[in-house]
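A closer look at the structure
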Amino acid sequence: MVSVQDRKKIVALVEEVTKAHKLPLLKALECVGISTTRYYSWKKDPEADDKRTHPNRKGIVTTRQPKIALTDEEYQRVVSVLKDPRFSDLSISQLSTLSLDLFGEFIASRSTFYRIAKKEHLVGHRKPSNPAELPAGTYRRLPCKATAPNQVWCWDVSIMQYFDRAAGCKLSVYIFSIIDLYSRMIINISAEADQTGRTARKFFEQAFEMQGITAESELTIHSDNGSAMRSSELLSLLLPDDQDCKRKVSYSNPRCSNDNAYAESFFGTLKGPMAFSTTGYRTLQECDQGVKDYARRYNEMQYHKGINFVTPASRHKGQDAAVMEKRNQAQLRHFQAHPERYIKGHMHKHEVAGPQYLNWGDLPARVFTAKTKRSGTEQHGTVTKSPPRAKSRGEKA
């Protein structure tokens with residue numbers, strides 16, 4: 001930073017060489033190493049403070065705090081929420097919404113949460129991406145639409161391992177799960193010793209009983225093409241010999257996990273941010289109880305981005321409208337107390353999520369009637385499959 005005495009000396013030197021030696025002003029300033037703006041500023045008031053706030057400048061810089069900036073107390077409240085170990089598995093977007101429900105008042109916007117988290121080095125990737133896991137292409141998939149709970153279910157099976165105490169070795173455990181498309185709620189989850197049609201039938205009998213599903217329920221059940229999903233024992237339950245059966249069963253395209261994205265995403269959340277693992281269990285019953293506890297936590301505590309950051313249980317029960325109204329009231333109180341923080345005068349509105357879609361597209365799916373291998377008779381119901389994908393160039397027909 002140039003002192004006042006040096007400024008006066010520089011101004012006097014420049015005036016001397018320009019008047020006595022007829023040196024152009026720009027040449028003189030180029031030799032000294034200052035701009036014309038800086039020269040005239042020093043000439044007008046050499047004792048003026050330097051108010052430049054560029055972060056790369058060396059020396060003393062005078063910083064001005066914006067009027068809309070958070071107070072130190074508000075800043076520390078955001079940091080405390082970000083560092084709270086109870087919410088270590090939640091994303092920044094979920095934390096910003098959770099703080100609104102937790103404190104009953106608006107603290108900061110979602111972008112402010114991200115900015116403070118980045119400044120405090122609290123931002124990280126949820127999971128390292130692996131390009132090799134991505135599908136080779138995307139294909140036309142089955143369209144499903146849910147406007148209320150229990151209209152579309154997605155289910156899948158994931159294989160894990162645990163060390164069995166009785167057998168003295170590692171055994172495989174199959175995690176069966178059903179997720180509701182509209183509410184993202186886990187309808188039923190279970191740890192089983194095998195992946196057979198009989199086990200799948202028992203699993204769905206429990207789910208139907210818990211949710212009160214009958215043959216007249218307009219329910220579409222989506223899954224991939226596993227052996228348990230296509231077994232005759234399971235299809236005889238999902239599509240019974242009843243003329244009034246309104247249930248439908250749909251299957252993904254072969255080798256395309258994106259067709260069952262919601263069920264796959266749940267397992268990614270279960271094993272990733274929620275850090276569920278079966279390595280610490282010693283019996284199948286312990287695995288079953290453990291995964292049920294995690295599913296209960298997911299339903300009641302997980303703020304889901306796809307349904308505008310409400311818990312799956314509250315949306316499944318129809319309580320999301322009341323939650324959004326409470327958030328809007330808290331946001332309005334903050335808007336009225338600090339209108340200067342809303343640059344454009346617009347307040348963020350918390351709205352209930354609309355209909356949910358799975359594999360939605362313009363191309364209709366092909367419908368056919370299922371036949372069981374056991375009897376060869378037609379089942380009364382509709383099994384829907386997506387059209388086969390187009391073969392790539394060079395692929396054998």
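Scroll up to find the structure this text is about.
Residues numbered from 1 in each chain as written. Predicted model: local features only at pLDDT ≥ 70, side-chain atom pairs only at ≥ 80, totals over all residues. Heavy atoms only, no water.

What about unusual backbone geometry?
The condition is simple: Helical segments are the DSSP runs of H or I of at least four residues, strand segments are the runs of E of at least two, and each set is numbered from the N terminus. Each residue is assigned to one of three classes by its accessible area relative to the maximum for its type, calculated with a 1.4 Å probe on protein chains only: buried under 20%, partly exposed between the two thresholds, exposed over 50%.
For N150, which is not glycine, the phi torsion reads 60 degrees and is therefore positive. Among the secondary structure elements, N150 is positioned in the loop between strand 1 (144–146) and strand 2 (152–164). Residue N150 is classed as buried on the basis of its relative accessible area, which comes to 17%. One non-glycine residue, N308, adopts positive backbone phi at about 60 degrees.

Details of the environment of S250
Worth spelling out the cut-off: Under this definition, polar contacts are N or O atom pairs within 3.5 Å; protein pairs additionally need one hydrogen-donor-capable and one acceptor-capable atom, and for neighbouring residues in sequence, both atoms have to be side-chain atoms.
For S250, the location among the structural elements is in strand 6 (residues 248–251). At a separation of 2.8 Å, a polar atom in the side chain of S250 contacts the side chain of H222.

Thoughts on the nonpolar core
The line we're drawing: Nonpolar cores were defined as sets of buried Ala, Val, Leu, Ile, Met, Phe, Trp, Tyr and Cys residues, with membership established by side-chain atoms within 4.5 Å. Two residues form a contact once any of their heavy atoms are found within 4.5 Å.
Membership of the largest hydrophobic core comes to 26 residues, with the highest contact counts inside it found for V173, I175, I179, I186, I189, F266 and V291. Of all elements in the fold, only strand 1, strand 2, strand 3 (169–180), strand 4 (186–192), helix 9 (261–271) and helix 10 (284–301) reach the threshold of two or more residues within this core. Those residues in contact with V173 that lie beyond four places of it in its chain are S158, I159, M160, Q161, Y162, A191, E192, T278, L284 and C287. Residues F203, A228, L237 and Y251 belong to the second largest nonpolar core, which totals 24 residues.

Some words on the packing of aromatic side chains
So the rule is basically this: Under the pairing criterion, centres of Phe, Tyr and Trp rings, with the six-membered ring standing for Trp, must be within 6.5 Å; the plane angle then separates stacked pairs below 30 degrees from edge-to-face pairs above 60, leaving the rest tilted. Geometrically, a charge over a ring is one whose NZ (Lys) or CZ (Arg) sits within 6 Å of the ring centre while staying within 35 degrees of the ring normal.
Under the counting rule described, the total for this entry stands at 12 aromatic pairs. Taken together, a centroid distance of 6.4 Å and an interplanar angle of 40 degrees make the contact between F276 and Y281 tilted. Here F276 and Y281 have matching classes, each one buried. Consider the rings of F335 and Y342, whose centres lie 4.8 Å apart with planes at 70 degrees: the pair is edge-to-face. The ring of Y251 has R230 lying over it, and the distance from NZ or CZ to the ring centre is 4.7 Å. Of note, R315 hangs over the ring of Y182, and the distance from its end group to the ring centre comes to 3.8 Å.

Brief notes about the pattern of salt bridges
When the charged atoms of two side chains lie near each other, side chains of opposite charge can form a pair. Under the convention used in this document: Here, a salt bridge means any side-chain nitrogen of Lys or Arg that lies within 4 Å of a carboxyl oxygen of Asp or Glu.
Enumeration according to the criterion identifies eight salt bridges in this entry. Note that E74 is salt-bridged to R341, the shortest N-O span being 2.9 Å. You can see E74 sitting in helix 4 (residues 72–83) and its partner R341 sitting in the loop between helix 12 (320–337) and strand 7 (356–358), a full 267 residues away along the chain. R341 carries the same exposure label as E74, and that label is buried.

Points about the environment of F267
Structurally, the position occupied by F267 is in helix 9. Look at F267 and you get buried, because its relative accessible area is 5%. As a C-alpha pair, F267 and D156 span 111 residues in sequence and 9.0 Å in three-dimensional space. If near-sequence neighbours (up to four positions away) are discounted, F267 is found in contact with D156, V157, S158, I175 and S177.

Re the packing of helix 5 (residues 92–103) against helix 12
To keep things clear, this is the line we draw: Here an axis means a line fitted to C-alpha atoms, over the contact stretch when the element is a helix, while the angle between two N-to-C directions is reported on a 0 to 180 degree scale. Under this scheme an angle from 65 to 115 degrees is roughly perpendicular, one under 35 degrees roughly parallel, and one over 145 degrees roughly antiparallel; angles in between are oblique. Gly counts as polar in this scheme, as do all residues outside two lists: the nonpolar Ala, Val, Leu, Ile, Met, Phe, Trp, Tyr, Cys and Pro, and the charged Asp, Glu, Lys and Arg.
Viewed as axis vectors pointing N to C, helix 5 and helix 12 meet at an angle of 85 degrees, and their least axial separation amounts to 10 Å. As the angle between them shows, helix 5 and helix 12 are arranged roughly perpendicular. Two secondary-structure elements touch here, helix 5 through T97, L100 and D101 and helix 12 through V323, R327 and A330. By residue class, the composition of the contact of helix 5 with helix 12 is three nonpolar, one polar and two charged.

Thoughts on helix 4
Short version of the rule: In this scheme, a helix's expected span is set at 1.5 Å multiplied by one less than its residue total. Directions are taken from the helix axis to each C-beta atom, and the arc is the one they span.
Its 12 residues give helix 4 an end-to-end C-alpha distance of 16 Å, which sits within 8% of 16 Å, the value for a rise of 1.5 Å per residue. Taken together, the buried positions of helix 4 are occupied by E74, Y75, V78, V79, V81 and L82. For helix 4, the buried positions fall inside an angular range of 160 degrees around the axis, keeping them on one side. Along helix 4, the residues that are exposed and aim more than 90 degrees away from the buried face are D72 and E73. In the core, the buried residues of helix 4 are packed alongside helix 5 and helix 6 (110–119).

Points about the pairing of strand 5 (residues 220–223)
Where a strand is regular, its side chains alternate between the two sheet faces. Convention followed: When DSSP finds two or more bridges between two strands, those strands count as paired. Here is how to tell: hold the view so the strands point away, follow the path from the first strand over the helix to the second, and if it runs clockwise the crossover is right-handed.
Taking every second residue as pointing to the same face, both faces of strand 5 are buried, with T220 and H222 on one and I221 and S223 on the other. Where strand 2 and strand 5 come together, three bridges link them in parallel fashion. When the bridges of strand 5 are listed, W153 appears paired with I221. Where strand 5 lies against strand 6, four bridges are found, and the strand directions are parallel. Along strand 6, the bridge assignment pairs I221 with V249. In this region the chain leaves strand 5, passes through helix 8 (residues 232–238) and returns to the parallel neighbour strand 6; the handedness of that crossover is right-handed.

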